[in-house]
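Residues per chain are reported as follows:
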Amino acid sequence: MDEKTEELRDIFMDVTDEEAVTERQEESRGSLTDERDAGERIGAIVAQMRERYDFDTELTDDELVGVVEGFYTGASDSEIADDLDVSRRDVFRARLDLHLVRERDTDAPFELAEFRELLSEETPTKEVAAHFDVSPSTVRRYRRVVAARNEARQVSDRFRSEFEDALVDADLAEQFTSDMKDDGLDEATDGMETNVSF
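Residues numbered from 1 in each chain as written. Predicted model: local features only at pLDDT ≥ 70, side-chain atom pairs only at ≥ 80, totals over all residues. Heavy atoms only, no water.

Asker: Looking at this structure, I do not really get the overall build of the protein. What am I missing?
Answerer: Helix and strand content of the protein: ten helices and zero strands. Within the protein, the fraction of its 198 residues that count as buried is 31%. Long-range contacts, defined here as pairs at least 24 residues apart, represent 63% of the contacts in the protein between residues at least 6 apart. A total accessible area of about 14,400 Å² is found for the protein, and carbon and sulfur atoms account for 44% of it. (Helix = DSSP H or I, 4+ residues; strand = E, 2+ residues; numbered from the N terminus. Buried < 20%, exposed > 50% of the residue type's maximum accessible area, 1.4 Å probe, protein only. Contact = heavy atoms within 4.5 Å. Areas by Shrake-Rupley, 256 points an atom, 1.4 Å probe, with all protein chains shown as cover.)

Asker: When you look at the nonpolar core in this model, what are you seeing that I'm missing?
Answerer: For soluble globular proteins, nonpolar side chains are generally found buried alongside one another. Grouped together as the largest cluster of nonpolar side chains are 26 residues, with contacts concentrated most on I42, M49, L64, V67, V68, L98 and F163. Looking at which element gives the most residues to this core, the answer is helix α3 (residues 61-72), with five residues. Among all residues touching M49, those that are not within four sequence positions of it are F55, D97, L98, H99, F159 and F163. L118, V128, A129 and F132 belong to the second-largest nonpolar core, a separate cluster that totals twelve residues. (Core = buried A, V, L, I, M, F, W, Y, C linked by side-chain atoms within 4.5 Å.)

Asker: Explain the pattern of salt bridges to me, please; I cannot follow it from the model alone.
Answerer: A pair can form between side chains of opposite charge whenever their charged atoms are brought close. Within the structure shown, the criterion is met by ten salt bridges. One salt bridge in this structure joins R102 and D77, with 3.0 Å as the shortest N-O distance. Taken together, the residues span a long stretch of sequence, with R102 in the loop between α5 (88-97) and α6 (112-120) and D77 in helix α4 (residues 77-84) at a distance of 25 residues. Both residues of the pair, R102 and D77, count as buried. The partner of D105 in a salt bridge is R141, with the nearest N and O atoms 3.9 Å apart. Taken as a pair, D105 in the loop between α5 and α6 and R141 in helix α8 (residues 136-154) lie far apart in primary sequence, 36 residues in all. A relative accessible area of 2% means that D105 is categorised as buried. (Salt bridge = Lys/Arg side-chain N within 4 Å of Asp/Glu carboxyl O.)

Asker: Sorry, what's going on with the packing of aromatic side chains here?
Answerer: In this description, an aromatic ring pair is defined by two values, namely the gap between the centres and the angle between the planes. The full count for this structure, using the stated rule, is six aromatic pairs. Ring geometry for F110 against F132: centres 4.5 Å apart, planes inclined by 25 degrees, an arrangement best described as stacked. Highlighted residues: F110 in the loop between α5 and α6 and F132 in helix α7 (residues 125-132), separated in sequence by 22 residues. Here F110 and F132 have matching classes, each one buried. Connected via pairs of aromatic rings, a cluster forms that spans F110, F115, F132 and Y142. Seen from the ring of F92, R141 lies directly overhead, with NZ or CZ sitting 4.1 Å from the centre. Of note, R141 hangs over the ring of Y142, and the distance from its end group to the ring centre comes to 6.0 Å. (Phe/Tyr/Trp six-rings, centres within 6.5 Å; stacked < 30°, edge-to-face > 60°. Lys NZ or Arg CZ within 6 Å of the ring centre and 35° of its normal.)

Encoded structure:
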């Protein structure tokens, strides 16, 4: 330690009445690879949505987290249902409650714009079914899809974005820690001879 550094150290100790110049480092909280973090974040978003909307699903919040994770891994409703040991219908309804509409959900056997118009006029299900020559269950299915899309649009797909952020952050954390393991030294030391004698 040079003279100048010693002087500064003495001044610091006089001014602060501290015995040590360096601060103790705190232990880091959590781990980058803590998989529960993403699940907890998704669970919090699900709880927020449940408070805001009337959910049609009877699945628990934990099961809904499973629906979200399954949806984003590309699993079908049947696969998610098998994983959760629930019906495919339960998964479909849960997805829509969570604003997770698949592109194929909007492949209706009729013109959706006209369908929306009839819904806005509060046309009874049986009349809509007769108008399009489909079953009432088909009308109920697409009514749910339209309602989910409307809810999502009203909040600019906010909840879906939050789900994606939680999952992307978890993936980045996992990627970061796996990259840290591969530190590039293998390449740098490739072909080097080590002659170590003890």
